Amino acid sequence: MQSTSYLRRDLPPQLSVRYRQDLLIDGTRLPALSGRYFETRNPATEEVIAEVAEGDAADIDRAVKSARAALEGEWGQMRAADRGTLLLKFADAIRNAQDELVELESLDSGKPVSAIRRQDLPAVLDTLRYYAGFADKINGQVIPSRPDALTYTVREPLGVVGAIIPWNFPLMIGMWKIAPALACGCTVVLKPAELTSLTALRLGELAIEAGIPAGVLNVVTGFGRTAGQALVDHPDVDKVTFTGSPAVGRQILRGAAGNLKRVTLELGGKSANIVFPDADLDAAVKAASSGIFFNAGQVCSAGSRILVHEDVYTEFVGKLAARARAIRIGDPTEAGTAMGPLVSATQMKRVLDYIDIGRTEGAAVVAGGGRHGSTGCFVAATVLANVKPDMRVAQEEIFGPVATVIAFRTEEEALSIANGTAYSLAAGVWSADISRVHRFARRLKAGTVWVNTYGPTDVRLPWGGARDSGFGREHGDAAIDNFTESKVVWIQTGL
Ligand code: NAD
């Protein structure tokens, strides 16, 4: 399994980060055919932690061939129950390697170890175990169509799946795609984000160690416009499941038109979190704070627009600003850190630019408002008050720790502001009025509406959005539909 590799001396000795990170194709770590590598950095220190193989179209082609061969070979012939058992073994292998995965994810992405341990890793295991249970329960139906025929459906694996994921939850979003695809009997070529390749490669190795046959899960690292696009364009890929930005989502749709691939798009958001005066204000402030500052705001469903009724606006803003100032920002590998850096210097600059845009547009910076420290990609937890719904900071996805707080007077006004962006991913409502809660749950344009909470997800519940937030649903049994095709068998029996 091990390719030529060596450790960097400045890394913690317990971590076996290989400096040279090769692709994983057909169960083997291989350099890219071009021989090229690109550097990946720790965003907390901006130091290079590894060189990652720069896969391109030629490597994608090798990986797709391997995935096709696995589909037509052992994996395709395996009993569904055995597939489920292998997925459970994969979960065990991940659990046994969890310390390493947590540190690797933190080093590569800047996510606090405490959050990965509490949230990402348990979600990865839950997702894998949940779909392992599906493997032998993907049933067809006998449908009585005619008296002279036996007609039934079978659900077949869709085929070779291209999975393209972003950098904000590399392990978790990777598993959201891998687990249902494998449970359905598909094979996968995973293209992680170029900023966070390391845990995806390790996941691929753990799958092999768990006994999943070579070629079932291939990992090709590289850039979006080369490796990612090649996966989308490849004529022997049957489906692309993508999580990322709306701009790339549109490119993916165009590329997938070539062989009419099935496509699922989980894109961005600018979600509204609406607070009425009859809400438990302290609970709302606490959840609104974690709703925007968790993972330094790099969350597709971040509650980045907080709509607060004018009667409680001043009190709410004061309390939110106090919470923002109290967030412990720092070294993500320290257990007590609540917020780490953004994923890269480019993202940090983008977020700082948005804060300046907010100032120019007339928003009041009541907490944060700039970089935190002078080393690493840290941005202070920022609260912008007096935000108007049509400002750019209230319409565009900032993808950083920047809360925009907007005042409203009436229910109609709150609804119109909440629904007034290009996105439809998630929304929150805080109120003790059960009728109002139902009205909002019905009228908010969102794939998920949280009431008197903000942000929890569960793999059993469908997840996704509409409009610029994409289409299709992940999670639950919706994901089983994503990775299977229904076939009708018509047996003429005679009367
Ligand atoms: P991105 O769109 O820039 O990149 C996502 C992935 O697509 C990366 O792996 C990238 O290499 C690849 N890619 C880029 N260009 C490509 C191309 N032409 N063809 C194929 N692949 C290509 O997104 P990002 O910056 O990594 O992530 C942030 C975005 O993801 C935000 O908009 C966020 O809201 C969204 N997101 C959505 C969800 C959700 O569930 N809806 C979850 C997390 C993140």
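Remember, it's a predicted structure, so these values are computed and weren't measured experimentally.

Asks: What exactly am I supposed to notice about the site of the ligand here?
Replies: By nearness alone, 29 residues border the ligand, and K191, E194, S245, L267 and E397 come closest of all. The protein chains hide 91% of the 850 Å² of surface that the ligand would expose on its own. Mapped onto the shell around the ligand, the elements with two or more residues apiece are α8 (224-233), β10 (239-243) and α9 (246-256). Top contributing element to the shell around the ligand by residue count: α8, with four residues. Residue composition of the shell around the ligand, grouped by class: 16 nonpolar, nine polar and four charged.

Asks: What am I meant to see in the state of the cysteines here?
Replies: The bond known as a disulfide is covalent and runs between the sulfur atoms of two cysteines. In this structure the tally under the stated criterion is zero disulfides. Of all cysteine sulfurs in the structure, the one in C186 sits closest to C184, which takes part in no disulfide; the separation is 5.8 Å.

Asks: Would you mind showing me how to read the pattern of salt bridges here?
Replies: Per the stated rule, a full pass over the model turns up 36 salt bridges. Among the ionic pairs, R460 bridges to D126, the shortest N-O distance being 2.8 Å. Here D126 lies in helix α5 (residues 113-134) and R460 lies in the loop between β19 (448-451) and β20 (466-467), a separation of 334 residues in the sequence. Since its relative accessible area comes to 39%, R460 is described here as partly exposed. Connected through shared salt-bridge partners, R29, E100, R202, E205 and E209 make up one network.

What counts and how
Residues numbered from 1 in each chain as written. Predicted model: local features only at pLDDT ≥ 70, side-chain atom pairs only at ≥ 80, totals over all residues. Heavy atoms only, no water. Near = heavy atom within 4 Å. Areas by Shrake-Rupley, 256 points an atom, 1.4 Å probe, with all protein chains shown as cover. Helix = DSSP H or I, 4+ residues; strand = E, 2+ residues; numbered from the N terminus. Nonpolar A, V, L, I, M, F, W, Y, C, P; charged D, E, K, R; others polar. Disulfide = S-S within 2.5 Å. Salt bridge = Lys/Arg side-chain N within 4 Å of Asp/Glu carboxyl O. Buried < 20%, exposed > 50% of the residue type's maximum accessible area, 1.4 Å probe, protein only.

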